[in-house]
Amino acid sequence: MAHYGFDRLHSVFALFWRRDSLFWRCVKAMLLPVTGIVFLAITWRKNHGGRQDDPDLEGGRPGKDCKAQRGEESAEEEDFDSECYRVETTDDFYCDYDSTWETEENQKDAPDRTRQPAADRHYQFSRFERAAGDMQNYRRNYPSKYRWRPVSDDMPNLNFYLGLKSSAPDGVYIHEFHDWAGDYDALEHVHTYIQWLFPLQEPGMNSEATPLTKEEIKCFLDNSTAKDNLLKSYKLMLDFYGIELCDEKTGEVKRALNWKGRFENLNKSVIKFNRTCQSLKATYSIPSNDLFTLLLLLINSHTHNNLRITRILKCLGTLGYCHYQAPLVRFFLEETLVNGELPNVKDSVLNYFVFAVLDKRQRRCLVKFAYLNYDQKDEFVWCPKKFQNIWSNHANVKATNGQA
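Reading the values: rules and limits
Residues take numbers from 1 onward in each chain, read along the sequence in its written order. The predicted origin of the model limits local features to residues at a pLDDT of at least 70 and limits the giving and counting of side-chain atom pairs to 80 or more, whereas totals for whole chains, interfaces and linings rest on all residues. Think of the side-chain values as coming from all heavy atoms in the structure, minus any hydrogens and water. Helix and strand assignments come from DSSP, with helices taken as H or I runs of at least 4 residues and strands as E runs of at least 2, each series counted from the N terminus. The buried label applies to any residue whose accessible area, calculated with a 1.4 Å probe on protein chains only, is under 20% of its type's maximum; exposed applies above 50%, and partly exposed to all values in between. Residues count as neighbours in contact if any of their non-hydrogen atoms are within 4.5 Å of one another. For the area figures, the Shrake-Rupley method with a 1.4 Å probe applies, and any residue is considered shielded solely by the protein chains shown. Salt bridge, as applied in this entry: a Lys or Arg side-chain nitrogen positioned within 4 Å of an Asp or Glu carboxyl oxygen. In this analysis, the expected span of each helix is defined as 1.5 Å times one less than the number of residues it contains. Any pair of Phe, Tyr and Trp rings, taking the six-membered ring for Trp, is counted once the centres come within 6.5 Å. Such a pair is stacked with planes under 30 degrees apart, edge-to-face with planes over 60 apart, and tilted for the rest. In this description, a line fitted to the C-alpha atoms serves as the axis of each element, helices being fitted only across the stretch in contact, and the angle between N-to-C directions of two axes falls anywhere from 0 to 180 degrees. The scheme is simple: roughly parallel for angles under 35 degrees, roughly antiparallel for over 145, roughly perpendicular for 65 to 115, oblique for anything else. What is meant by a nonpolar core is a set of buried Ala, Val, Leu, Ile, Met, Phe, Trp, Tyr and Cys residues, joined one to another through side-chain atoms within 4.5 Å. On a range of 0 to 100, pLDDT expresses the predictor's confidence in each residue. Basically, the charged four are Asp, Glu, Lys and Arg, the nonpolar ten are Ala, Val, Leu, Ile, Met, Phe, Trp, Tyr, Cys and Pro, and anything else, Gly included, counts as polar.

1. Observations concerning the overall build of the chain
Moving on, step 1. Broken down by element type, the chain carries 19 helices and two strands.
Moving on, step 2. Counting all 404 residues of the chain, 50% fall into the buried class.
Moving on, step 3. The long-range share in the chain, meaning contacts at least 24 apart out of those at least 6 apart in sequence, stands at 71%.
Moving on, step 4. Carbon and sulfur atoms provide 50% of the accessible area of the chain, an area that totals close to 19100 Å².

2. Focus: the pattern of salt bridges
Moving on, step 1. Going through the model one piece at a time under the given rule, you end up with eight salt bridges.
Moving on, step 2. The salt bridge involving glutamate 102 is made with arginine 140; its shortest N-O contact spans 4.0 Å. Note that glutamate 102 is positioned in the loop between α3 (74-77) and α4 (117-120) and arginine 140 in the loop between α5 (123-139) and α6 (156-161), a separation of 38 residues in sequence. Taken as a pair, glutamate 102 and arginine 140 share a single burial class, namely buried.
Moving on, step 3. In this structure, the salt-bridge partner of glutamate 334 is arginine 330, at a minimum N-O distance of 3.0 Å. Highlighted residues: glutamate 334 and arginine 330, both in helix α16 (residues 325-338), separated by four residues, approximately one helical turn.
Moving on, step 4. With relative accessibility at 31%, the residue glutamate 334 sits in the partly exposed group.
Moving on, step 5. Where salt bridges share partners, they join Asp134, Glu202 and Lys314 into one cluster.

3. A look at α5
Moving on, step 1. The end-to-end C-alpha distance of α5, which contains 17 residues, comes to 24 Å, matching closely the 24 Å that a straight helix rising 1.5 Å per residue would cover.
Moving on, step 2. With 14 of 17 residues buried, α5 is to be regarded as a mostly interior element.
Moving on, step 3. Phi turns positive, to about 65 degrees, at asparagine 141, one or two residues after α5.

4. Concerning the packing of aromatic side chains
Moving on, step 1. Inspection of every chain in the model, using the stated rule, returns 27 aromatic pairs.
Moving on, step 2. Ring centres 5.1 Å apart and planes at 40 degrees place the aromatic pair phenylalanine 128 and phenylalanine 355 in the tilted group. One end of the pair, phenylalanine 128, is in helix α5; the other, phenylalanine 355, is in the loop between α17 (346-353) and α18 (360-372), and 227 residues separate them in sequence.
Moving on, step 3. Taking the relative accessible area as the measure of exposure, phenylalanine 355 reaches 2% and is therefore buried.

5. Comments concerning the environment of glutamate 208
Moving on, step 1. The residue glutamate 208 is located in the loop between α9 (194-197) and α10 (214-221) in this model.
Moving on, step 2. In sequence terms glutamate 208 and proline 169 are 39 residues apart; their C-alpha atoms lie 6.6 Å from each other.

6. Thoughts on the packing of α16 against α18
Moving on, step 1. Packing of α16 against α18 brings their axes to within 10 Å, and their N-to-C directions diverge by 5 degrees. By the criterion of interaxial angle, the relationship of α16 to α18 is roughly parallel. Across the interface between the two elements, Ala326, Val329, Arg330, Leu333, Glu334, Leu337 and Val338 of α16 pack against Gln362, Leu366, Phe369 and Ala370 of α18.

7. A word on the nonpolar core
Moving on, step 1. Grouped together as the largest cluster of nonpolar side chains are 90 residues, with contacts concentrated most on Phe332, Leu333 and Trp391.
Moving on, step 2. Broken down by element, the residue count for this core peaks at eight residues, all from helix α11 (residues 224-240).
Moving on, step 3. Among all residues touching phenylalanine 332, those that are not within four sequence positions of it are Ile243, Leu266, Ile309, Leu342, Val349 and Phe353.

8. Details of the side chain of serine 167
Moving on, step 1. Mapped onto the secondary structure, serine 167 falls in the loop between α6 and α7 (174-178).
Moving on, step 2. Once residues within four sequence positions are removed from consideration, serine 167 is found in contact with Phe160, Val172, Phe177 and Trp196.

9. Observations regarding the confidence of the model for the chain
Detail in the predicted coordinates should be disregarded across regions flagged by low pLDDT.
Moving on, step 1. Mean pLDDT over the chain works out to 76, with 63% of the residues at or above the 70 mark.
Moving on, step 2. Overall, residues 1-54 carries pLDDT values under 50, and its contacts beyond four positions in sequence, including any with other chains, amount to 102 contacts.

10. Brief notes about unusual backbone geometry
In terms of backbone geometry, most residues other than glycine have negative phi values and most peptide bonds are trans.
Moving on, step 1. Following alanine 168, the chain continues into proline 169 via a peptide bond in cis, with omega recorded as 10 degrees.
Moving on, step 2. Locating proline 169 in the fold gives a position in the loop between α6 and α7.
Moving on, step 3. Positive phi outside glycine occurs at asparagine 141, with the angle close to 65 degrees.
Moving on, step 4. Locating asparagine 141 in the fold gives a position in the loop between α5 and α6.
Moving on, step 5. The backbone of tyrosine 142 sits at a positive phi, close to 60 degrees, despite the residue not being glycine.
Moving on, step 6. Positionally, tyrosine 142 belongs in the loop between α5 and α6.

11. As for the packing of helix α15 (residues 304-318) against α16
Moving on, step 1. Close contact between α15 and α16 brings their axes to 10 Å; oriented N to C, the two are set at 155 degrees. Between α15 and α16, the angle falls in the class roughly antiparallel. On the side of α15, the interface is formed by Ile309, Leu313, Leu316 and Gly317, while α16 contributes Gln325, Leu328, Val329 and Phe332.
Moving on, step 2. Broken down by class, the residue content of the contact of α15 with α16 amounts to six nonpolar, two polar and no charged.

So this is what it looks like as structure tokens:
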């Protein structure tokens, strides 16, 4: 039985070995909140897009019409154009790989910088900095390619969404997946469907799923059937997480009727470390000194929903629903920072979800909202310190005027 278990893990081991940055990102995301131990991380691969011109929504990338979806937040966004919001590479908590606060002027020929002492004191900033490289590579439409295997020309992802091809290895068609609505056990424990429901231009854990190609994306965006089916997939996963889509035009979401039970499941992404280790060692007969295999199982078992949501947000931005990104991220910020729910999702919201939003102005508003609702503001590392001081001063002035 043990031998069978390790045979099944062999392909996972090989996948993580080839994609070291994804592996270490997952390891740190899970272990740091639980153990409080900072593991040494490998250096992010060179030339990952951190210093190239940042088109974000420009340059003809899919979803470039997102700027029209701003609504009532437009008035609040105006102050981001002022001179005080010009970022300098010497600012505390300036991140080389986050273009959120860059302008056309300072993103060209950005000079090398000396890391500021405040950044060195915060392990949270190091985690954010590593996550920022991945998210910016996505926002810039993958200028630095992953080393994935060659893809075929038959557009497997598009054909899957048109009902012409089944998923692999499960052999399930798109309409059959949509019948999984309410089957929470299947949605929780099957790990090979998410790469088909929400394809990306990067590889995932399912080696039999193929990354999107540029031509495939173009054809997908021009096909109403494919986009309608993607919307059904989105609703399927929202229900799984206890969320309901209120408005298909704006992407506004709210708690679903089943939110309590689904939030409880989502919050179990990280559970007691010792109990989990003992259970997995017993189940798979893992030697006490085989930490690597144990970590692979832990990652696969208890962080997959946070990774899934990041994938969903990226896919929405790639395949024509980028205006759905900000409302979903705002929902998670409110639940984690304001309502005190989903504490085990909070780090992923701040490190990944927020920075999946393609629209730069919406991303800035989300960061500002996160800061103003973050309890320990001296530990907030997701934007330069100078902006935090501006927001705190504005909040103090408002509070003083309100009391008067």
